[in-house]
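Geometric and topological summary
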Amino acid sequence: MIQQIMKQIWGLNALREIVLKRAFYTMQLQSDQFQGLFTKGLNTIADLFMKENHELRIAGGAVRDLLMGKKPQDVDFATTATPDQMKEMFQRAGIRMINNRGEKHGTITARINEENFEVTTLRIDVNTDGRHAEVLFTTDWQKDAERRDLTINSMYLGLDGTLYDYFGGFEDLKKKRIYFVGNAAQRIQEDYLRILRYFRFYGRIAECPSDHSPAVLDAIRHNAHGVAGISGERIWVELKKILLGRHTSHLLHLMYELGLAPYIGLPKDGNLQELESVCKNVQNLSPKPMTILVSLMQLQDEISKLDLRLKISKEEKNLGLFLLTRRRDLTPDASAANPLKPYQDFITDSREPDAHSKVCEVLKYQGEQRLLQEMELWTVPRFPVTGHDIRGMGISSGKEIGSMLQQLRTRWKKSGYQMDKEALLDSIEKALK
């Protein structure tokens, strides 16, 4: 009887081992993007950790990008070594360490050959308040993966190309779906910014605009209030990426439906119909985030409230105010040979800083792709006549000089900025005769 029970236990353990191996060793990656990571600096780091018998793997977003065939912009590493062990190891090897602010969270940054390598000890969250976490260090890779936000961000890649996937992140990535690791509500309550990260990655990865898990949406709805405690700067970083991703109109509609809008500075009654129209207009035109976001707004006060919550830059706020006031009254002249002329006239007459780039954003907002291409190639012309030129014709009255300059400027604009100084001054001489 005991032997039968032991066989059953051995059988279960063997089955568990097979399942774990299937989860751990999903695939072997040897792509060009992966091989391209191995600089002299990384090889130095890898050899050092191997020599000291500490595991070192690529972690998080870099793994996701590599599996998508993209070269990651940033590569983070995870290790079984503690911060103290890493510091001792780097010091013995004569490797410089910088930026010690991350040390209490387990991150040590080594600098080799002008490259920075951020290496973080595996961690377990022991206490969270919705923004920050108290951590304990561990050598258990699965425990570290459990504390990450989304399955597609919870994978590791060994330096031999072995993928370690504990929560089906690779399968989710292949099927272009976004899920939290484990219980969605629990992950969100650990850091409420994860709500916005969910939307950001949905816009980046998902093909279908409305392929959300009802359970995930329910968790977001019940925890939306938690975003109120997140700093505006952190929210704005995520929101800008959502605005420039895919499915923008759908995702912002969803944020309103789930009750997020008031906690992230969006207007109470945002113009979602205008948003949908503008999202179509700006496709493939590389708009700035504010160009899309201002479509929700109807009053300047709404931009002020957004600024108060998100701490947007002065440039972003000014662009928002400009778009709000000019998106309707600055329009193409359909009856003219040059429909772009109203925009050109505005720029040449304007004292608005960066008028040219702001007018380009208006054209994107309006979906005027052809006019935008012309505007981007157009150089703001310099009015060729000065007050000194008028004085040279024997006119000394300041008031009269100002009046003549204005008349000439109007004539110059009507000519499509083609009249040169000689032609303009000649027109004055004829008028004076």
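Residues numbered from 1 in each chain as written. Predicted model: local features only at pLDDT ≥ 70, side-chain atom pairs only at ≥ 80, totals over all residues. Heavy atoms only, no water.

Before going further, it helps to examine the overall build of the chain. Each helix and strand in the chain was counted, giving 22 helices and nine strands. Relative to its length of 433 residues, the chain is extended, with a C-alpha radius of gyration of 30 Å against a globular reference of 22 Å. Counting only C-alpha atoms, the chain reaches 125 × 50 × 35 Å along its principal axes. Expressed as a percentage of the 433 residues in the chain, the buried residues total 47%. Summed over its atoms, the accessible surface of the chain is roughly 22900 Å², and 48% of this surface lies on carbon and sulfur atoms. Computed over 61 positive and 57 negative side-chain charges, the inter-centroid distance for the chain is 1 Å. (Helix = DSSP H or I, 4+ residues; strand = E, 2+ residues; numbered from the N terminus. Rg over C-alpha atoms; globule rule 2.2 N^0.38 Å. Buried < 20%, exposed > 50% of the residue type's maximum accessible area, 1.4 Å probe, protein only. Areas by Shrake-Rupley, 256 points an atom, 1.4 Å probe, with all protein chains shown as cover. Lys, Arg positive; Asp, Glu negative; His and termini not counted. Charge placed at Lys NZ, Arg CZ, Asp CG, Glu CD.)

In this structure, the largest pocket occupies an estimated 1900 Å³ of space. Around the largest pocket sit 50 residues that line it, and G61, D76, R148, R197 and R200 are the ones nearest its centre. Elements that contribute at least two residues to the lining of the largest pocket include exactly α4 (61–67), β2 (76–79), β4 (107–112), β5 (115–121), β6 (123–128), β7 (133–137), α9 (194–205) and α11 (232–243). With six residues, the single largest contributor to the lining of the largest pocket is α9. (1 Å grid on protein atoms, 1.4 Å probe; cavity = no way out; pocket = protein on both sides within 12 Å on 5 of 7 lines; lining within 4 Å. Points joined across faces, edges and corners; volume = space filled by probe spheres on them.)

Moving on to the pairing of β5. Here β2 runs beside β5; their pairing, made up of four bridges, is parallel. By the bridge assignment, F77 is partnered in β5 with V119. In the sheet, β4 pairs with β5 via six bridges, with the strands oriented antiparallel. When the sheet's bridge partners are listed, T109 is paired in β5 with E118. (Pairing = 2+ DSSP bridges.)

This part covers the sheet that holds strand β3 (residues 96–98). Strand order in this open sheet of seven strands is β3-β4-β5-β2-β1-β8-β9, and the pairing throughout is mixed. The sheet terminates laterally at β3 and β9 (163–164), the two strands that pair on one side only. Contacting β1 (56–59), β2, β4 and β5, helix α3 (residues 40–51) crosses the sheet at an angle of about 30 degrees to β5. On top of the sheet, helix α5 (residues 83–92) reaches β2, β3, β4 and β5; it is set at about 15 degrees to β4, its chief contact. (Contact = heavy atoms within 4.5 Å. Axes fitted to C-alpha atoms, helices over the stretch in contact; angles between N-to-C directions.)

Time to look at the pattern of salt bridges. One pass over the full model with this rule turns up 35 salt bridges. One salt bridge in this structure joins D307 and K317, with 3.5 Å as the shortest N-O distance. Within this pair, whereas D307 is found in helix α15 (residues 300–310), its partner K317 is found in helix α16 (residues 314–326), the two being separated by 10 residues in sequence. Several salt bridges converge on common partners, so that one network encompasses E52, E88 and R92. (Salt bridge = Lys/Arg side-chain N within 4 Å of Asp/Glu carboxyl O.)

Here α3 is 12 residues long and its end C-alpha atoms lie 16 Å apart, about the 16 Å a rise of 1.5 Å per residue gives. All of the buried residues along α3 are G41, L42, I45, A46, L48 and F49. Seen along its axis, α3 keeps its buried residues to an arc of 165 degrees; they face one direction. Turned more than 90 degrees away from the buried face of α3, the exposed residues are K40, M50 and K51. The positive-phi residue at the C-terminal boundary of α3 is N53, with phi of around 60 degrees. (Expected span 1.5 Å × (residues − 1). Arc of directions from axis to C-beta.)

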